[in-house]
Amino acid sequence: MTFDRILTHRQEFPFLDQYAYFNYGGQGLMSRRALEAVTQAQETLQRIAPFSQAAYDYSLQLTEDLRRTIAGELGAPPDSITLTEDTTVGCNIALWGLDWQAGDHLLITDCEHQGVLAIVQELQHRFSIEVSVCPLLPTLNGGDPVTTLVSYLRPNTRMVVLSHVLWNTGQVLPLEPIVAGCRSHSDRVRILVDAAQSVGVLPLNLTTLGADYYAFTCHKWWCGSAGVGGLYVRPEVREALRPTFIGWRSIRTNAQGKPIAWEGGGKRYEVATSAVLLYPGVTTAIQVQQSLGSAAERYGMICDRSRYLWEQLQTIPQVTTLRTTPPESGLVSFQITSGPQQAQHRGLVMGLESQGILVRLLLDPNCIRACTHYFTTEAEIDRLVAEIGAIVGK
Ligand SMILES: Cc1ncc(COP(=O)(O)O)c(C=O)c1O
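Note that the structure is a prediction, hence the values are computed from the model and not measured.

Concerning the sheet that holds strand 2 (residues 81-84)
Taken in spatial order, the seven strands make up an open sheet running 2-8-7-6-5-3-4, and their pairing is mixed. Each edge of the open sheet carries a strand with a single partner, namely strand 2 and strand 4 (130-134). Ignoring which end each strand starts from, the neighbouring axes of this sheet average 20 degrees apart. Sheet topology note: the strand 3 (residues 105-109)/strand 4 ladder contains five bridges and is parallel. Considered in strand 4, the bridge of Ile108 is made with Val133. Strand contacts of helix 3 (residues 53-74): strand 2 and strand 8 (229-233), with the helix running at about 120 degrees to strand 2, the strand carrying the most contacts.

Here it is, written out as structure tokens:
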């Protein structure tokens, strides 16, 4: 990929040069085409009358366009995809949908997001299930996450909850062998993947990966509209995952309009009125990314940029990266090793923001996270690293 091609591609993003942006793991920047697609959809709906047969057909078309685009990008059948609002809603659908019995065991890793942890805590409270935590943080720079995780399975384990890319350290978990390890332990174990940091980063084929539930959002690495996400449910386990939140979009009706069955595929977990007019902002965002290169090429570029950032950070004596080897995703986490860490980290994040450089603070482990996307430039990274050096060197 030539540098000129990236520079041309960057022009798709109207605000990319307004600041130095390293928060793609929090929220992406939208391209002009994606922004325009949302505006156009809003106008179209008003023009054709918001509550009309034409509007219903239009909403259906936007919904199915997005479902097909997501399915194509993730290597999954369209009817295995449920459209949601965000990652956490997808995790809720999977976690509440299982027929939990008192004494069932749920295994979660020590690197999961607080929203997902909170669901698990409430499940424990409601259903008296056993919950245990598998320590994967120590495997960041050595050790085997697969063996570690499998060793925490119990005879009564019903679900394993893990992220594909850990949001705090950027570690990529080897999902295929983990799924294989869980399956050979017991075919009762279901695997829920928090994919907030992997969708839009890793080239994915969900059919091959074999996880049961894969919950993601479209507003981070795909750079789509905030408020749109999705959930993949492996077709073979769909019937056993009952909908928890239910509405007119989840069901089929008889001639009198009364519910008679669930909708066929992933639609059964969709509820009622949603922000469908945001969907073209995601469909277009994915197409913009596809226009630059394949998912594998984009992933290669993300890692190329994160490696450069990781290498540059090694040149600042007061900074230590969490990883001792170059990153395998776009997340680069680091700590300041001199002085009181927490105050230092907060001060650095705020100091950088005042210079128009956006990174985020993480609490566990206490660190700062900077994200590189495939269109991040070395010049942006140089600016970030120079400013970090200037602030911590004061
Ligand atoms: C790993 C992980 N899970 C869940 C979330 C929450 O995402 P959402 O707002 O899409 O539910 C995030 C967001 O930062 C995340 O990084």
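Remarks on the sheet that holds strand 12 (residues 331-336)
Pairing in this open sheet of four strands is antiparallel, and the strands run 11-12-15-14 from one edge to the other. Because the sheet does not close on itself, it has two edges, and the strands there are strand 11 (319-321) and strand 14 (360-363). Between one strand and the next, the sheet's axes are offset by a mean angle of 35 degrees, whatever the strand orientation. Two elements, strand 14 and strand 15 (residues 366-371), share four bridges in a ladder whose sense is antiparallel. If you follow Leu363 over to strand 15, its bridge partner there is Asn366. Packing of helix 11 (residues 341-354) onto the sheet brings it into contact with strand 12, strand 14 and strand 15, and relative to strand 15 it is tilted by some 25 degrees.

Here we look at the nonpolar core
Of all hydrophobic cores here, the largest spans 105 residues; its most connected members are Val193 and Tyr213. At six residues, helix 10 (residues 295-313) tops the list of elements feeding residues into this core. Two domains each donate at least three residues to this core, and these are domain 1 (3-30 + 293-392) and domain 2 (37-288). If we ignore the near neighbours within four places in the chain, the residues touching Tyr213 are Ala94, Arg190, Leu192, Val193, Leu231, Tyr232 and Val233.

Thoughts on the environment of Glu85
Note that Glu85 resides in the loop between strand 2 and helix 4 (87-97). Considered as a pair, Glu85 and Gly230 are 145 residues apart in the sequence and their alpha carbons are 7.1 Å apart. When sequence neighbours within four positions are dropped, the list of residues in contact with Glu85 reads Gly227, Val228 and Gly229.

Observations concerning the site of the ligand
Taken together, 13 residues surround the ligand, and among them Asp86, Thr88, His113, Ala196 and Thr217 come closest. Tallied by class, residues from the shell around the ligand come to two nonpolar, nine polar and two charged.

Here we look at the domain arrangement of the protein
Each domain of the protein was delimited in the assignment, giving domain 1 (3-30 + 293-392) and domain 2 (37-288). For domain 1 versus domain 2, the distance between C-alpha centres works out to 27 Å. In this assembly, 25 residues from domain 1 lie in contact with 23 residues from domain 2. Those elements that provide at least two residues to the side of domain 1 that touches domain 2 are helix 10 and strand 12. The biggest single contributor to the side of domain 1 that touches domain 2 is helix 10, with four residues. Residue classes in the side of domain 1 that touches domain 2 are distributed as 13 nonpolar, eight polar and four charged.

Definitions and cut-offs
Residues numbered from 1 in each chain as written. Predicted model: local features only at pLDDT ≥ 70, side-chain atom pairs only at ≥ 80, totals over all residues. Pairing = 2+ DSSP bridges. Helix = DSSP H or I, 4+ residues; strand = E, 2+ residues; numbered from the N terminus. Axes fitted to C-alpha atoms, helices over the stretch in contact; angles between N-to-C directions. Contact = placed C-beta atoms within 7 Å. Core = buried A, V, L, I, M, F, W, Y, C linked by C-beta atoms within 7 Å. Buried ≥ 20, exposed ≤ 12 C-beta atoms within 10 Å, placed from the backbone. Domains from an automatic or database assignment. Near = placed C-beta within 6 Å. Nonpolar A, V, L, I, M, F, W, Y, C, P; charged D, E, K, R; others polar.

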